[in-house]
Amino acid sequence: MQQRKITFIGAGNMAQAIVAGLVSSGYPASLITVCAPSEHHRAALAARYGVNHHGDNAAGAHDADVIVLAVKPQLMAEVCRQLAATVDFSGKLVLSIAAGVNVSRFYALLGENLAIVRIMPNTPSLVGKGLSGLFAPSGVSESDRAFSADLMCAVGKICWVEDESGINGVIAAAGSAPAYFFLFMDAMQQQAVSMGFDEPTARMMVLQAASGAAALAEANPDQPFSVLRQNVTSKGGTTAAALQVFEQQQLNHTIAEAMQAAVARAEEMEKSF
Ligand SMILES: NC(=O)C1=CN([C@@H]2O[C@H](COP(=O)(O)OP(=O)(O)OC[C@H]3O[C@@H](n4cnc5c(N)ncnc54)[C@H](O)[C@@H]3O)[C@@H](O)[C@H]2O)C=CC1
Ligand SMILES: O=C(O)[C@@H]1CCC=N1
């Protein structure tokens, strides 16, 4: 992978996940800078991963080759305006990981000739198990595309989307998705505790079932999830009884509605931020 100076603007959950994955995959920490107003946030990251840190975004971004915009969407316009006032973006690659902020918005904020790639990662990047969707507008060079892909491959798997709207699909299917699984796992743990297990045992059972199911699916790439599900489901047995409840409660419909709500919110954010 090309080695470029990378500056993260924002030092929160997602910046940390990417920095952690990068450093543990061997990317030189000395080439990474994190910027955030909170001394506590950025110093914690610097101490943990050996990266540089700065309280002033523009100063931190000044000599960067790559600027990763990792602040909340509602702060993005203000942060970009401040950067644009002093930083020359020509020759720099900008990567935005924000939900709901379009490339056209970045052109308006940072200049029409901007080299920008939108990336939608997720928090499992922290442990090298991320999934990132990437979108590059037509003017972005092969070298910048390759760098963006390599960067996110360092923390998980990637997929490119042809149209920018595809990023919102990635949000629904992967960016927000760890939270869906945690919701499910939390509910299962609570029920296992209600059935008499102590919390650590309940957590271990749920976690092992979840990671075991994911590992089984990974080990059998040709088997649809529905077949793997059938393999657990004895006719007239316990799994069938449980699945019948999910079906009666129209779980599939609920999941579809939830994912559509994530897309709708991203579209709404595109109009607001
Ligand atoms: N958390 C997630 O699972 C995912 C988040 N994202 C996107 O990543 C972005 C960041 O989200 P999180 O890391 O979850 O948020 P967060 O709240 O954990 O982190 C935001 C960071 O921005 C910093 N910050 C605040 N004002 C700033 C300023 N003026 N200049 C520089 N830094 C400033 C904060 O100190 C904090 O370190 C968002 O745009 C979100 O849409 C994308 C995919 C997944
Ligand atoms: O909840 C959010 O808006 C961000 C984007 C995907 C995951 N977290």
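Cut-off values and rules
Residues numbered from 1 in each chain as written. Chains lettered and ligands numbered in written order. Predicted model: local features only at pLDDT ≥ 70, side-chain atom pairs only at ≥ 80, totals over all residues. Heavy atoms only, no water. Helix = DSSP H or I, 4+ residues; strand = E, 2+ residues; numbered from the N terminus. Buried < 20%, exposed > 50% of the residue type's maximum accessible area, 1.4 Å probe, protein only. Contact = heavy atoms within 4.5 Å. Areas by Shrake-Rupley, 256 points an atom, 1.4 Å probe, with all protein chains shown as cover. Lys, Arg positive; Asp, Glu negative; His and termini not counted. Charge placed at Lys NZ, Arg CZ, Asp CG, Glu CD. Domains from an automatic or database assignment. Buried area = accessible area lost by both parts, 1.4 Å probe. Salt bridge = Lys/Arg side-chain N within 4 Å of Asp/Glu carboxyl O. Polar contact = N/O pair within 3.5 Å; in protein donor to acceptor, adjacent residues only side chain to side chain. Nonpolar A, V, L, I, M, F, W, Y, C, P; charged D, E, K, R; others polar. Pairing = 2+ DSSP bridges. Axes fitted to C-alpha atoms, helices over the stretch in contact; angles between N-to-C directions. Expected span 1.5 Å × (residues − 1). Arc of directions from axis to C-beta. Parallel < 35°, antiparallel > 145°, perpendicular 65-115°, else oblique. Left-handed = near helix turned anticlockwise from the far one by under 90°.

Caption draft 1: View of the overall build of the protein. The helix and strand tally for the protein stands at twelve helices and eight strands. Counting all 273 residues of the protein, 40% fall into the buried class. Once local pairs closer than 6 in sequence are excluded, the contacts in the protein between residues at least 24 apart make up 62%. For the protein, the accessible surface area stands at approximately 14900 Å², while carbon and sulfur atoms represent 56% of it. Here the protein carries 17 positive and 23 negative side-chain charges, and the mean point of each set is 2 Å from the other.

Caption draft 2: Examining the domain arrangement of the protein more closely. By domain assignment, the protein separates into domain 1 (6–167) and domain 2 (177–270). On a C-alpha basis, the centres of domain 1 and domain 2 stand 32 Å from each other. The interface of domain 1 with domain 2 comprises nine residues on the first partner and five residues on the second. Together domain 1 and domain 2 conceal approximately 510 Å² of surface at their shared face, both sides included; 55% is due to carbon and sulfur atoms. Of all residues in domain 1, Gly-100, Asn-102 and Lys-129 give up the largest surface area on contact with domain 2, accounting jointly for 53% of the area buried on that side. The interface formed by domain 1 and domain 2 holds one salt bridge in total. Between Glu-218 and Lys-129 there is a salt bridge, and its shortest N-O distance comes to 3.9 Å. Linking domain 1 with domain 2 are one residue pair in polar contact (both at pLDDT 80 or more). Across the side of domain 1 that touches domain 2, the residue classes break down as three nonpolar, four polar and two charged.

Caption draft 3: Examining the sheet that holds strand S5 (residues 93–96) more closely. Judged by pairing direction, the sheet is mixed, and its eight strands sit side by side in the order S3-S2-S1-S4-S5-S6-S7-S8 without closing on themselves. Where the open sheet ends on each side, the last strands, each with one partner, are strand S3 (52–54) and strand S8 (156–160). Across the sheet, the mean angle separating the axes of adjacent strands is 25° when strand polarity is ignored. Relative to S5, strand S4 (residues 66–69) runs parallel, the two sharing four bridges. In the strand pairing of S5, Val-68 is matched with Leu-95.

Caption draft 4: Structural context of helix H9 (residues 199–219). Between its first and last C-alpha, H9 extends 30 Å over 21 residues, near the 30 Å set by a 1.5 Å rise per residue. Taken together, the buried positions of H9 are Ala-202, Val-206 and Ala-217. One face of H9 carries all of its buried residues, which in axial projection span an arc of 25°. Turned more than 90 degrees away from the buried face of H9 sit Pro-200, Met-204, Gln-208, Glu-218 and Ala-219, all of them exposed.

Caption draft 5: Highlighting the packing of helix H1 (residues 13–24) against helix H2 (residues 39–49). Between H1 and H2, whose axes approach to 11 Å, the crossing angle comes to 15°. Considering their axes alone, H1 and H2 lie roughly parallel with respect to each other. The hand of the H1/H2 crossing is right-handed. When H1 is examined against H2, the residues Gln-16, Val-19, Ala-20 and Val-23 are found in contact with a partner set consisting of Leu-45, Arg-48 and Tyr-49. For the contact of H1 with H2, the class distribution of residues is five nonpolar, one polar and one charged.

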